[in-house]
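Observations on chain architecture
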Number of protein chains: 2
Amino acid sequence: MEWYLIGIIAALLTTLGFVPQIIKMHRTKSAKDVSFTTLLQFSAGAILWTLYGIHLKDTIIIVANTITFVTMVCAIAMYYHFNRK
Amino acid sequence: MEWYLIGIIAALLTTLGFVPQIIKMHRTKSAKDVSFTTLLQFSAGAILWTLYGIHLKDTIIIVANTITFVTMVCAIAMYYHFNRK
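Keep in mind that what you see is a predicted model, and the values were worked out from it rather than measured. Each chain carries its own residue numbering, running from 1 in the written order of its sequence. Working convention: letters from A go to chains and numbers from 1 go to ligands, in the order in which they are written. Whole-chain, interface and lining totals are the exception, using all residues; otherwise, since this is a predicted model, local features are given only for residues with pLDDT of at least 70 and side-chain atom pairs are given and counted only at 80 or more. To get the side-chain values, all heavy atoms of the structure are used, and hydrogens and water are removed first.

Focus: the overall build of chain A
A helix here means a DSSP run of H or I that spans at least four residues, while a strand means a run of E at least two residues long, and both kinds are numbered starting from the N terminus. Per the secondary structure count, chain A includes 4 helices and 0 strands. Scanning chain A from its N terminus toward the C terminus, one meets helices and strands in the order α-α-α-α. Overall, chain A is about 45 × 25 × 15 Å in size when its C-alpha atoms are taken along their principal axes. In this scheme, a residue with accessible area under 20% of its type's maximum is buried, one over 50% is exposed, and one in between is partly exposed, where area comes from a 1.4 Å probe on protein chains only. By the burial criterion, 49% of the 85 residues in chain A qualify as buried. A separation threshold of at least 6 residues defines the contact pool for chain A, and within that pool the share at least 24 residues apart is 72%. In short, Shrake-Rupley with a 1.4 Å probe defines the accessible areas, and a residue's cover is counted only from the protein chains shown. For chain A, the exposed area adds up to about 4400 Å²; of that, 74% sits on carbon and sulfur atoms. A contact between two residues is defined here by any heavy atoms of the two lying within 4.5 Å.

Things to note about the environment of Ala77(B)
Residue and element names in this part refer to chain B. Note on placement: Ala77 falls in helix 4 (residues 59–84). Looking at Ala77, the relative accessible area reads 47%, which means it is partly exposed. Along the chain, Ala77 and Ser35 lie 42 residues apart, while their C-alpha atoms are 13 Å from each other.

Here's the deal with the pattern of salt bridges
Between side chains of opposite charge, a pair can form when the charged atoms approach closely. Every case where a carboxyl oxygen of Asp or Glu lies within 4 Å of a side-chain nitrogen of Lys or Arg is listed as a salt bridge. Following the criterion strictly, the structure yields 2 salt bridges over all chains and no others. Measuring nitrogen to oxygen at the nearest pair gives 3.1 Å for the salt bridge that ties Asp33(A) to Lys32(A).

Quick notes on unusual backbone geometry
Residue and element names in this part refer to chain A. Unlike most non-glycine residues, Lys29 shows phi in positive territory, near 55°. Structurally, Lys29 can be placed in the loop between helix 2 (19–28) and helix 3 (36–56). According to the relative accessible area criterion, Lys29 is partly exposed, its value standing at 47%.

Focus: the interface of chain B and chain A
In this complex, chain B contributes 40 residues to the contact, which on the side of chain A involves 40 residues. Here the quantity called buried area is the total loss of accessible area, with a 1.4 Å probe, experienced by two parts when brought into contact, counted for both. Carbon and sulfur atoms supply 67% of the area that chain B and chain A bury against each other, a total of about 3600 Å² over both sides. In this assembly, chain B and chain A are joined by 0 salt bridges. Mapped by element, the contributors of at least two residues to the side of chain B that touches chain A are helix 1 (2–15), helix 2 (19–28), helix 3 (36–56) and helix 4 of chain B. Among the elements that make up the side of chain B that touches chain A, the one with the highest residue count is helix 3 of chain B (13 residues). Looking at side-chain class alone, the side of chain B that touches chain A contains 24 nonpolar, 12 polar and 4 charged residues. We call Asp, Glu, Lys and Arg charged. Ala, Val, Leu, Ile, Met, Phe, Trp, Tyr, Cys and Pro are nonpolar, and the rest, Gly among them, are polar.

Written out as structure tokens, the structure is:
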């Protein structure tokens, strides 16, 4: 049970890892110091971790990385929005 | 074997996910748009994913997240260095 809890907390921390970055970009209306390559790498990584989680039949890995991918799409959209200006 | 390869590529992408951000901070000598909370969340997350990987006895998860933690320490050090100026 405690391992399940550690997995859940790990998943929450990294799944929502880019949420503070999204909030900061929104607040400062700036993204010039943010690395676009980092955003792309995490997006691709989240897709592959999801596949690997399906292979391991591990629900935590699957759900965590699917949500991460959604937050990365939001982060990339916001990066484009503020760097276009 | 292909699952092993997918795990390895996923691990490389997210393990080295903050390397482009570290390079960008170094190149621009600026980190003001980078979210410190995001850096902290990924550091804590990497520690817990490592523990969860030990529980699953999955070498890829353990090694990937240990290296991620090391890169996060580098990213946090660089963030402090450039935001102090």
